[in-house]
Amino acid sequence: MSQIDTLPPLRQVIADHELSARKSLGQNFLLDLNLTSKIARQAGDLSECDVLEIGPGPGGLTRGLLAEGARRVLAVEKDTRCLPALNEIAEAYPDRLMVINADALKLDPSDQLVPPIRVASNLPYNVGTELLIRWLTPPSWPPFWQSLTLMFQREVAERIVAKPGSKAYGRLAVLAAWRSDAKIAMHLPPDAFTPPPKVSSAVVHLDALPEPRYPAELKQLETVVARAFNQRRKMLRAALKGMAPDIEDRLIAAGIKPTDRAETVDLEQFCTLSRILNT
Ligand code: SAM
């Protein structure tokens, strides 16, 4: 394994700081620095960017991001045990790494970063999904971030990039496609992590669109899509029954057959329907 920096190997860092992985914090660490550099490269050119990293743990991806030239990294880690290891990285990269000890679900540090901002994280999956939805649904658009490069359970990654007509297609795919270009950038087997999780993982990369792909009001679109997919086996005229007395007419006006199911409706149709339901 080639050396990406002058810091000790991650296994040694973990041993020195007694960072045994905690299940309660979703800790599955990446210890191969070549792999973390490769993930960092999926985030694009970092040299002119501030990077927000949530959940740096012992710092494998952090080191990858810095070695790949990130202008600055702001890392938010909940586990205090990781702070000494992260401080060692900060010393090796003067003025380029700031570490905040906080729960990322309770603290939004985006105002501490200078645009352009990219987000890169290997997070516990549940936290990752919640943050992804928050990052895709700010009150105004464009968001604070230019791109998101995030690790997910493979099945969740497939739901983010899914196309109409597939089983994985649902709320996440509609939201992601509305406001970003989303793709799976890498697949990782369980044994890429220590300890290995039960399932495979994938890195998803999302580039923020300058404006949503089709006009729609966020809350209305979210409501329509949530209702449509909450009863995904039902025909839309039934699933969306409570939304308007003349729902069948409105579906037809949006170019959707009332007997269709949510799974077959594409993003443009959902956006048209949400505008028609707003009138
Ligand atoms: N990024 C490291 C890596 O790739 O080896 C660690 C990845 S591990 C899957 C997830 C990390 O997120 C852990 O260090 C955990 O302590 C941290 N974490 C979990 N929940 C968090 C939260 N709500 N806010 C900030 N960090 C969190």
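Residues numbered from 1 in each chain as written. Predicted model: local features only at pLDDT ≥ 70, side-chain atom pairs only at ≥ 80, totals over all residues.

Participant: Even after reading the chapter, I still don't get the overall build of the protein chain, so can you show me in this structure?
Facilitator: On a plain count of helices and strands, the protein chain comes out with eleven helices and nine strands. Taking 279 residues into account, the globule formula puts the C-alpha radius of gyration at 19 Å, and the protein chain, at 21 Å, falls close to it. Projected onto the principal axes, the alpha-carbon positions of the protein chain cover approximately 65 × 35 × 30 Å. Considering the protein chain as a whole, with its 279 residues, one finds that 42% of them fall into the buried category. Nonlocal contacts in the protein chain, meaning residues at least 24 apart in sequence, comprise 67% of its contacts between residues at least 6 apart. (Helix = DSSP H or I, 4+ residues; strand = E, 2+ residues; numbered from the N terminus. Rg over C-alpha atoms; globule rule 2.2 N^0.38 Å. Buried ≥ 20, exposed ≤ 12 C-beta atoms within 10 Å, placed from the backbone. Contact = placed C-beta atoms within 7 Å.)

Participant: When you look at the site of the ligand in this model, what are you seeing that I'm missing?
Facilitator: For the ligand, the set of nearby residues contains 24 residues, the closest of which are Phe29, Gly55, Gly57, Ala104 and Asn122. Listed by contribution, the elements that provide at least two residues to the shell around the ligand are β1 (29-30), α3 (60-67) and β3 (72-77). In terms of residue class, the shell around the ligand is built from 13 nonpolar, seven polar and four charged. (Near = placed C-beta within 6 Å. Nonpolar A, V, L, I, M, F, W, Y, C, P; charged D, E, K, R; others polar.)

Participant: Help me out: how do you make sense of the domain arrangement of the protein chain in this one?
Facilitator: Accessible area lost when the parts come together is the quantity often used to give the size of an interface. Splitting the protein chain by domain gives domain 1 (10-208) and domain 2 (218-277). Here the C-alpha centroids of domain 1 and domain 2 sit 34 Å apart. Residue-level contacts link nine residues of domain 1 with eleven residues of domain 2. A class-by-class count of the residues in the side of domain 1 that touches domain 2 yields five nonpolar, three polar and one charged. (Domains from an automatic or database assignment.)

Participant: How should I be thinking about the UniProt feature "domain: Ribosomal RNA adenine methylase transferase N-terminal" (unreviewed entry) in the protein chain in this particular structure?
Facilitator: Here the UniProt feature "domain: Ribosomal RNA adenine methylase transferase N-terminal" (unreviewed entry) sits at residues 35-210. In the segment residues 35-210, helix accounts for 31% and strand for 27%; the C-alpha atoms at its two ends are 31 Å apart. (UniProt positions renumbered as here; feature names shortened; annotations may be inferred.)

Participant: Explain the UniProt feature "binding site: S-adenosyl-L-methionine" (unreviewed entry) in the protein chain here, please?
Facilitator: Here the UniProt-annotated "binding site: S-adenosyl-L-methionine" (unreviewed entry) positions come out as Asn28, Leu30, Gly55, Glu77, Asp103 and Asn122. By the element assignment, asparagine 28 lies in the loop between α1 (10-16) and β1. Owing to 20 C-beta atoms within 10 Å, asparagine 28 belongs among the buried residues under this scheme. Residues contacting asparagine 28, with those up to four places away along its chain left out, are Ala21, Phe193, Pro195 and Pro197. With respect to the helices, strands and loops of the structure, aspartate 103 is situated in the loop between β4 (97-101) and β5 (117-121). Judged by the 11 C-beta atoms lying within 10 Å of it, aspartate 103 is exposed.

Participant: Help me understand unusual backbone geometry in this model?
Facilitator: Across the chain, the bulk of peptide bonds are trans and the bulk of non-glycine residues have phi less than zero. In this structure, the amide linkage connecting proline 115 to the following residue, proline 116, adopts the cis form with an omega of -5°. Here proline 116 is to be found in the loop between β4 and β5. Residue proline 195 is bonded to the preceding threonine 194 through a cis peptide linkage, with omega at -10°. Along the chain, proline 195 turns up in the loop between β8 (193-194) and β9 (201-208). Even without being glycine, glutamate 18 reaches a positive phi, approximately 50°.

Participant: Explain the environment of arginine 213 to me, please; I cannot follow it from the model alone.
Facilitator: When you line up the elements, arginine 213 lands in the loop between β9 and α8 (218-230). Along the sequence, arginine 213 and tryptophan 178 sit 35 residues apart, while their C-alpha atoms lie 5.3 Å from each other. If near-sequence neighbours (up to four positions away) are discounted, arginine 213 is found in contact with Ala177, Trp178 and Leu267.

Participant: Mind showing me how you'd approach the confidence of the model for the protein chain here?
Facilitator: Low-pLDDT stretches of the model should not have their predicted coordinates read in fine detail. In this model, the protein chain carries a mean pLDDT of 96, and residues with pLDDT of at least 70 account for 99%. For this predicted complex, the interface confidence score (ipTM) comes to 0.99, while the overall pTM stands at 0.96. (pLDDT = per-residue confidence, 0-100.)

Participant: What am I meant to see in the sheet that holds strand β7 (residues 180-188) here?
Facilitator: Pairing between the strands of a sheet is mediated by backbone hydrogen bonds and can be parallel or antiparallel. Strand order in the open sheet formed by seven strands is β4-β3-β2-β5-β6-β9-β7, with mixed pairing between adjacent strands. The open sheet is flanked by β4 and β7, the only strands paired with a single partner. Direction aside, neighbouring strands of the sheet carry axes that sit 20° apart on average. Sheet analysis places β3 next to β4, joined by five bridges and oriented parallel. Residue pairing in the sheet places glutamate 77 in a bridge with asparagine 101 of β4. (Pairing = 2+ DSSP bridges. Axes fitted to C-alpha atoms, helices over the stretch in contact; angles between N-to-C directions.)

Participant: What exactly am I supposed to notice about helix α5 (residues 125-136) here?
Facilitator: One full turn of an α-helix is made of 3.6 residues, so residues set three or four places apart face in the same direction. The end-to-end C-alpha distance of α5, which contains twelve residues, comes to 16 Å, matching closely the 16 Å that a straight helix rising 1.5 Å per residue would cover. Among all positions of α5, only Gly128, Leu131, Leu132, Trp135 and Leu136 are buried. Buried positions in α5, seen along its axis, are confined to an arc of 130° and lie on one side of it. Buried residues belonging to α5 abut β2 (50-54), β5, β6 (147-153) and α7 (171-179). (Expected span 1.5 Å × (residues − 1). Arc of directions from axis to C-beta.)

Participant: Sorry, what's going on with the pairing of β9 here?
Facilitator: Sheet faces and side chains relate simply in a regular strand, where the side chains alternate between the two faces. With six of its eight residues buried, β9 lies for the most part within the structure. Bridging between β6 and β9 involves seven bridges; their strand directions are antiparallel. Each residue of the ladder has a partner; that of leucine 148, found in β9, is leucine 206. One ladder, built from eight bridges, connects β7 with β9; its direction is antiparallel. Across the sheet, the residue bridging to serine 180 is alanine 208, located in β9.

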